[in-house]
Amino acid sequence: MRIWRHHLEGDEFGHMAWSLDHLGFATWAPTRDEVLARVPMKFVEYQQWLGRHGLPPSKEERANSLEIVEEIFGDEVAFQEDMLPAAAAEITYCKRLLELTRSDLLSVVAELDDKVMDWDPPYKNFASFASWRTIRQILAHIACTEIGYYLPKIGWQPNLKPKDLRESSWHEQLQLSRKETHRFLDELLAAEDKTRINKSAIPVEAWSVRKVLRRLVWHELLHWKNIRRIVRDYYGQVGSQ
């Protein structure tokens, strides 16, 4: 299994292992050895997630041996393979996976009452810059990140900005933001430029279509798992009292 490793620096820390052969698959750990050790277990979970939705594995392989393709260091850096044009099939597959991540997300939060939605979990390891702790805040973060961070990084100007979502319910925030993301992906399918490299004024930062595609899927999968954990912990710590 081919792995691309990212040593996080700047506002974040630790190590991430990505497989760019499997859209949205990544895992994190504090050290390089730990993150590589986590890959097999996390890859099985990823394949099982695809299977539950009736999708075959994107490649028939197991993560019992790993090939490190590239290692990068820094904050918001990109892999060399991110700099290649995205194939139309990859964009279409991204749209399909985003339908699945959104379906899973809504299935968890749809029936939660306000006490659960606004519970501040007693976790210590939040990033210093993260303002999203409660489930309601995480849902707003998902919506705002797509239209206020990922898409603008490759030159897309959405019809609405994060501030436009401020007074909306979480349902509306997710719906409006995702509508804009789908509009971008649909137009991208018809566009000639499916690379859109953007190298920031920050020396190492770089963005591209392929980087955004993998981050879109990964981001919602990550927070879907986070929210499931918060719900489980709420009923384990508060709901049982």
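All figures in this text were calculated on a predicted structure; none of them were measured in a lab.

Enquirer: Please explain the pairing of strand 1 (residues 2-8) as it appears in this structure.
Expert: Counted residue by residue, strand 1 has five buried out of seven residues, so it is predominantly covered. Alignment of strand 1 against strand 4 (residues 67-74), held across seven bridges, turns out to be parallel. Considered in strand 4, the bridge of L8 is made with G74. Across four bridges, strand 1 lies against strand 2 (residues 15-18) in antiparallel orientation. Residue pairing across strands places W4 opposite W18, the latter belonging to strand 2. In sequence, strand 1 turns back onto strand 2 through a hairpin of six residues, with G10 there showing a positive phi of about 85 degrees.

Enquirer: Is there a simple way to think about a positive patch on the surface in this case?
Expert: On the surface, R52, K225, R228 and R232 cluster together to form a positively charged patch. If you trace the backbone, R232 turns up in helix 6 (residues 209-237). The class of R232 is exposed, set by a relative accessible area of 54%.

Enquirer: It is not clear to me how the packing of aromatic side chains should be interpreted in this structure. Could you clarify?
Expert: Aromatic rings in a pair are described by how distant their centres are and how their planes are angled relative to each other. For the structure on display, the rule yields 12 aromatic pairs. Between Y234 and Y235, the aromatic rings sit 5.1 Å apart at their centres with planes inclined by 90 degrees, giving edge-to-face as the arrangement. Judged by its relative accessible area of 9%, Y234 falls in the buried class. Taken together, F25, F43, Y46 and W49 form an aromatic cluster joined through their ring pairs. The residue whose ring lies beneath K211 is W207, and the NZ or CZ to ring-centre distance is 3.8 Å. Sitting over the face of the ring of W224, R228 holds its NZ or CZ atom 4.5 Å from the ring centroid.

Quick notes on the rules
- Residues numbered from 1 in each chain as written.
- Predicted model: local features only at pLDDT ≥ 70, side-chain atom pairs only at ≥ 80, totals over all residues.
- Heavy atoms only, no water.
- Buried < 20%, exposed > 50% of the residue type's maximum accessible area, 1.4 Å probe, protein only.
- Helix = DSSP H or I, 4+ residues; strand = E, 2+ residues; numbered from the N terminus.
- Pairing = 2+ DSSP bridges.
- Patch = residues over 30% accessible without salt bridge, like charges linked within 9 Å, V, L, I, M, F, W, Y side chains within 5 Å.
- Areas by Shrake-Rupley, 256 points an atom, 1.4 Å probe, with all protein chains shown as cover.
- Salt bridge = Lys/Arg side-chain N within 4 Å of Asp/Glu carboxyl O.
- Lys, Arg positive; Asp, Glu negative; His and termini not counted.
- Charge placed at Lys NZ, Arg CZ, Asp CG, Glu CD.
- Phe/Tyr/Trp six-rings, centres within 6.5 Å; stacked < 30°, edge-to-face > 60°.
- Lys NZ or Arg CZ within 6 Å of the ring centre and 35° of its normal.

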